[in-house]
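Chains, contacts and geometry: an overview
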Amino acid sequence: GTVTATLSGMLLSSPGREEYVRVRLEAGPAGLEATPVPGQSSMISSMVRAHGLVTVPIEQERLEAGAKVEVKLF
C-alpha cells in the first residue's frame, strides 16, 4: 500500500535518473512525516530502519522539504 506524508528534508537525485529513497515515517504535528534514512542503497541496515520508499521522478532533480509525497510501504 501507500500513504501520503510530508517530506522532512530535501531529497536530491542525479539528473536523468529516477531515484528511490528509503524513508522512515513518524507522526508529526500536521500528520505523517517522511524522513530519509541515511546510507547507501546496498546497505541492508538502512532497509531494516525504513518503512517505505519515496520516488524522485526522472524529470526532477530534487524534492523540497515540506512537499507532499507518496510513500510505498514495505
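Definitions and limits used
- Residues numbered from 1 in each chain as written.
- Predicted model: local features only at pLDDT ≥ 70, side-chain atom pairs only at ≥ 80, totals over all residues.
- Heavy atoms only, no water.
- Helix = DSSP H or I, 4+ residues; strand = E, 2+ residues; numbered from the N terminus.
- Buried < 20%, exposed > 50% of the residue type's maximum accessible area, 1.4 Å probe, protein only.
- Contact = heavy atoms within 4.5 Å.
- Areas by Shrake-Rupley, 256 points an atom, 1.4 Å probe, with all protein chains shown as cover.
- pLDDT = per-residue confidence, 0-100.
- Core = buried A, V, L, I, M, F, W, Y, C linked by side-chain atoms within 4.5 Å.
- Salt bridge = Lys/Arg side-chain N within 4 Å of Asp/Glu carboxyl O.

1. Some points on the overall build of the chain
- Helix and strand content of the chain: 1 helix and 7 strands.
- Counting only residues that meet the buried cut, the chain has 28% of its 74 residues in that class.
- Long-range pairs, those at least 24 residues apart, make up 65% of the contacts in the chain with a sequence separation of at least 6.
- Here the chain has roughly 4700 Å² of accessible surface; of this, 57% comes from carbon and sulfur atoms.

2. A look at the environment of Thr-4
- Structurally, the position occupied by Thr-4 is in strand E1 (residues 2–7).
- For Thr-4, a relative accessible area of 44% translates into the label partly exposed.
- Between the alpha carbons of Thr-4 and Lys-68 there is a distance of 6.6 Å; along the sequence they are 64 residues apart.

3. Structural notes on the confidence of the model for the chain
- Here the chain averages 87 in pLDDT, while 86% of its residues score no lower than 70.
- In the model of the chain, helix H1 (residues 44–49) stands out as the element of lowest mean pLDDT, 62, in contrast to E1, which has the highest, 97.

4. Overview of the nonpolar core
- With 12 residues, the main nonpolar core is built from Ala-5, Leu-7, Leu-11, Val-21, Val-23, Leu-25, Ala-34, Val-54, Val-56, Leu-63, Val-69 and Val-71.
- Elements represented by at least two residues in this core include exactly E1, strand E3 (19–28), strand E5 (52–56) and strand E7 (68–73).
- If you tally residues by element for this core, the top one is E3, at 3 residues.
- The residues touching Leu-25, leaving out its near neighbours within four places in the chain, are Val-3, Ala-5, Leu-32, Glu-33, Ala-34, His-51, Val-71 and Leu-73.

5. Remarks on the pattern of salt bridges
- Scanning the model with the defined rule gives 2 salt bridges in all.
- Between Arg-62 and Glu-64 there is a salt bridge; the shortest N-O distance is 2.5 Å.
- Arg-62 sits in the partly exposed class, given a relative accessible area of 46%.

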